[in-house]
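Here is what each chain is made of, one letter per residue.
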Amino acid sequence: MPVNRQIKLAAKPVGMPKESDFRIEETAMPDPKDGQVLVKTTYLSVDPYMRGRITGVKTYADPVLPGDVMVGGVTGEVVKSNFAGLQTGDAVVGYWGWQNYAAVAGAGLQKLNPQMGPVSTALGILGMPGMTAYFGFLEICLPKAGETVVVSGAAGAVGSAVGQIAKIKGCHVVGIAGGDDKIDYITKELGFDDGFNYKTTTDYYGKLKELCPKGIDCYFDNVGGAITDAVLVLMNTFGRASICGQISQYNLEKPELGPRILGLVLVKQLKVEGFIISRWGARFGEGAQQMAQWLKEGKLKYHEDIIEGFENTPKAFIEMLGGKNLGKMLVKA
Ligand code: NAP
């Protein structure tokens, strides 16, 4: 008789998570009730927000506590259906977390259209990270052709898409990422105008001033910390900063002290706005259509780093937090 496997949080991590903070358990195969389907996981997404979920603190979502199955976006194949809207063999995306099989409400799943792109893209460029780039950048930064846009976390799932969207909109785009190979990728493959490796650059302010001679009109912030402090000083009057993520802070054991920026926000009349992507949940169809169109036209590219094996999901998560990924980090179950 087949068994299910689930990855549970074993302990709340201190600092950078360790593989021993997770454990795999074998459990009985779930049996779908009326209105549910049995899904077999095909790809698992590992995302930075998961670090926030395992701190034990309620933020915009409930925490995952030790003993709970890890949350997360997943794709799967329907293997049994008690829901009229889905059939055996359908590919779906949902949020059943780190488990090989799950019995889930069919109404909470999105059936994937193979015309839009490969299944894995539902967790990347055509899924939550892609929508984060699309809406988080366009709706908050309101970019205009000719403006200068800076993107931090520029070689990751969200940042690599933001820079390309900014290019489509006619902007001058500078990316910041943690490796020379990553800077080569965003400039030579993705068409960013310039970029620098924050791990080998000591003077962020000086480097940004050199690469953005007309100042910075839009900033898409994935990382926070000292990089963001330097960018904000160089923002032009009426600049817009979209605060998407603060990954440089997620694994700190003690909060960092930073400059007090509100004086700067005041005199430069900046708009600095944070967002949670669920804000635009009702418009994901529109965003995915546009992104799929740009992919077809060759205006947008994506890269996926895929680790094989369900049991390697914690490892993939930790490697993504440490910056091993180029583009979207995924696990093939
Ligand atoms: P990602 O960029 O694909 O992967 C994370 C990247 O963060 C790593 O590859 C690493 O790249 C970088 N990083 C790790 N530690 C860092 C540090 N100390 N300083 C600077 N960079 C560091 O992840 P993603 O899924 O696209 O997410 C990017 C950001 O968007 C995250 O902050 C995430 O929390 C946020 N996000 C927010 C929303 C929302 O609704 N607001 C939705 C999705 C994602 P390097 O090699 O460049 O260091």
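For the structure itself, look to the data block above.
Draft legend 1. Quick peek at the overall build of the chain. Secondary structure assignment for the chain yields 10 helices and 15 strands. The C-alpha radius of gyration computed for the chain amounts to 20 Å, which stays within 12% of the reference 20 Å derived for 333 residues, consistent with globular compactness. Summarising its shape, the C-alpha atoms of the chain cover approximately 65 × 45 × 35 Å along the three principal directions. In the chain, which comprises 333 residues, the share counted as buried stands at 51%. Partitioning the intrachain contacts of the chain with sequence separation of at least 6 by distance along the chain shows that 66% fall at a separation of at least 24.

Draft legend 2. How the structure looks around the site of the ligand. The full set close to the ligand counts 26 residues, and Gly 178, Lys 182, Tyr 198, Ile 277 and Asn 325 are the nearest of them. Between Cys 244 and the ligand, the recorded distance is 3.0 Å, taken from a backbone N or O atom to a nitrogen atom. Here an oxygen atom of the ligand sits 2.8 Å away from a polar atom, N or O, in the main chain of Ile 277. Considering the ligand on its own, with 910 Å² of exposed area, one finds that the protein chains cover 90% of that surface.

Draft legend 3. Focus on the sheet that holds strand 11 (residues 216–221). Pairing is parallel in the open sheet, where 6 strands are placed in the order 10-9-8-11-12-13. In the strand order of this sheet, the two ends are held by strand 10 (194–197) and strand 13 (271–274), each with one partner. Geometrically, the sheet is characterised by an average inter-axis angle of 15° between neighbouring strands, direction not taken into account. Pairing of strand 11 with strand 12 (residues 235–243), which is carried by 5 bridges, proceeds in the parallel orientation. In the strand pairing of strand 12, Tyr 219 is matched with Ala 241. Against the sheet, helix 4 (residues 180–189) touches strand 9 (172–177) and strand 10, its axis set at about 170° to strand 10.

Draft legend 4. Expanded view of empty space enclosed by the protein. The final tally for this structure, using the stated rule, is 1 cavity of 30 Å³ or more. When its volume is computed, the largest cavity comes out at roughly 80 Å³. Considering the residues around the largest cavity, the lining is formed by Gly 124, Ile 125, Pro 129, Ala 157, Ser 160, Tyr 185, Lys 301, Tyr 302, His 303, Glu 304, Gly 327 and Lys 328. Its residues placed into classes, the lining of the largest cavity shows 5 nonpolar, 4 polar and 3 charged. Residue-level mapping places the lining of the largest cavity at the junction of two domains, with at least three residues from each of domain 1 (3–124 + 302–332) and domain 2 (128–278).

Draft legend 5. Looking closely at the packing of aromatic side chains. All chains considered together, the criterion is met by 10 aromatic pairs. Residues Phe 22 and Phe 317 carry aromatic rings whose centres are separated by 6.1 Å and whose planes lie at 90° to one another, so their mutual orientation is edge-to-face. Here Phe 317 lies in helix 10 (residues 313–321) and Phe 22 lies in strand 2 (residues 22–27), a separation of 295 residues in the sequence. Each member of the pair Phe 22 and Phe 317 is classed as buried. Ring geometry for Phe 220 versus Phe 275: centroids 6.3 Å apart, planes at 50°, classification tilted. In this pair, Phe 220 sits in strand 11 while Phe 275 sits in the loop between strand 13 and helix 9 (284–296), placing the two residues 55 residues apart along the sequence.

Draft legend 6. Looking closely at the packing of helix 2 (residues 128–141) against helix 9. Put simply, helix 2 and helix 9 touch, their axes get as near as 10 Å, and they point 95° apart. Taken together, the axes of helix 2 and helix 9 are roughly perpendicular relative to one another. Here Gly 130, Met 131, Tyr 134 and Phe 135 of helix 2 lie close against helix 9, whose contacting residues are Phe 284, Glu 286, Gly 287, Ala 288, Gln 290, Met 291 and Trp 294.

Draft legend 7. Representation of the nonpolar core in the model. Formed by 38 residues in total, the largest nonpolar core has its most connected members in Phe 137, Ile 165, Ile 186 and Met 291. Elements represented by at least two residues in this core include exactly helix 2, strand 8 (148–152), helix 3 (157–168), strand 9, helix 4, strand 11 and helix 9. A per-element tally of this core places helix 2 first, with 8 residues. Contact partners of Ile 186, with chain neighbours within four places excluded, come to Ala 154, Ala 155, Gly 175, Gly 191 and Phe 192. One finds Val 46, Trp 96, Trp 98 and Ala 316 within the second-largest nonpolar core, a separate group that totals 31 residues.

Draft legend 8. Broad picture of unusual backbone geometry. Phi angles above zero are rare outside glycine, and Phe 238 is one such case at about 65°. Structurally, Phe 238 can be placed in strand 12. Although it is not a glycine, Gln 269 adopts a positive phi angle of roughly 50°. With a relative accessible area of 45%, Gln 269 lands in the partly exposed category.

About the thresholds
- Counting from 1, residues in each chain are numbered in the order their sequence is written.
- Owing to the predicted nature of the model, reporting of local features is limited to residues with pLDDT of at least 70; listing and counting of side-chain atom pairs is limited to 80 or more, with chain, interface and lining totals taken over all residues.
- Heavy atoms throughout the structure, all of them, feed into the side-chain values; hydrogens and water do not.
- Secondary structure elements are defined from DSSP: runs of H or I of at least 4 residues count as helices, runs of E of at least 2 residues count as strands, and each element is numbered from the N terminus.
- In this description the radius of gyration comes from C-alpha coordinates, and the expected globular size is given by 2.2 Å times residues to the power 0.38.
- Summary of the burial criterion: residues with accessible area below 20% of their type's maximum are buried, those above 50% are exposed, and those between are partly exposed, where the area comes from a 1.4 Å probe applied to protein chains only.
- When checking whether two residues touch, look at their non-hydrogen atoms; a contact exists if any pair is within 4.5 Å.
- Residues are classed as near a molecule or strand on a simple rule: at least one heavy atom within 4 Å of it.
- Counting of polar contacts relies on pairs of N or O atoms within 3.5 Å, with two restrictions inside protein: one atom must be capable of donating a hydrogen and the other of accepting it, and residues adjacent in sequence are counted only when both atoms are side-chain atoms.
- Surface exposure here means Shrake-Rupley accessible area, sampled with a 1.4 Å probe, where a residue is shielded only by the protein chains that are shown.
- Paired strands are those between which DSSP finds at least two bridges.
- For helices, the fitted line uses only the C-alpha atoms of the stretch in contact; every axis is such a line through C-alpha atoms, and the angle between N-to-C directions lies from 0 to 180 degrees.
- Cavity: a set of points on a 1 Å grid over the protein atoms alone where a 1.4 Å probe fits but cannot get out. Pocket: an open set with protein on both sides within 12 Å along at least five of seven lines, its lining residues, like those of a cavity, having an atom within 4 Å of a point.
- Grid points are joined across faces, edges and corners, and a volume is the space filled by probe spheres set on the points.
- We call Asp, Glu, Lys and Arg charged. Ala, Val, Leu, Ile, Met, Phe, Trp, Tyr, Cys and Pro are nonpolar, and the rest, Gly among them, are polar.
- Throughout, the edges of the domains are those of an automatic or database domain assignment.
- Ring pairs are drawn from Phe, Tyr and Trp, using the six-membered ring of Trp, whenever the two centres fall within 6.5 Å, and their geometry is named by plane angle: stacked under 30 degrees, edge-to-face over 60, tilted for the rest.
- When describing relative orientation, an angle under 35 degrees is termed roughly parallel and one over 145 degrees roughly antiparallel, while 65 to 115 degrees is termed roughly perpendicular and anything else oblique.
- Residues enter a nonpolar core if they are buried and are Ala, Val, Leu, Ile, Met, Phe, Trp, Tyr or Cys, with the set joined through side-chain atoms within 4.5 Å.

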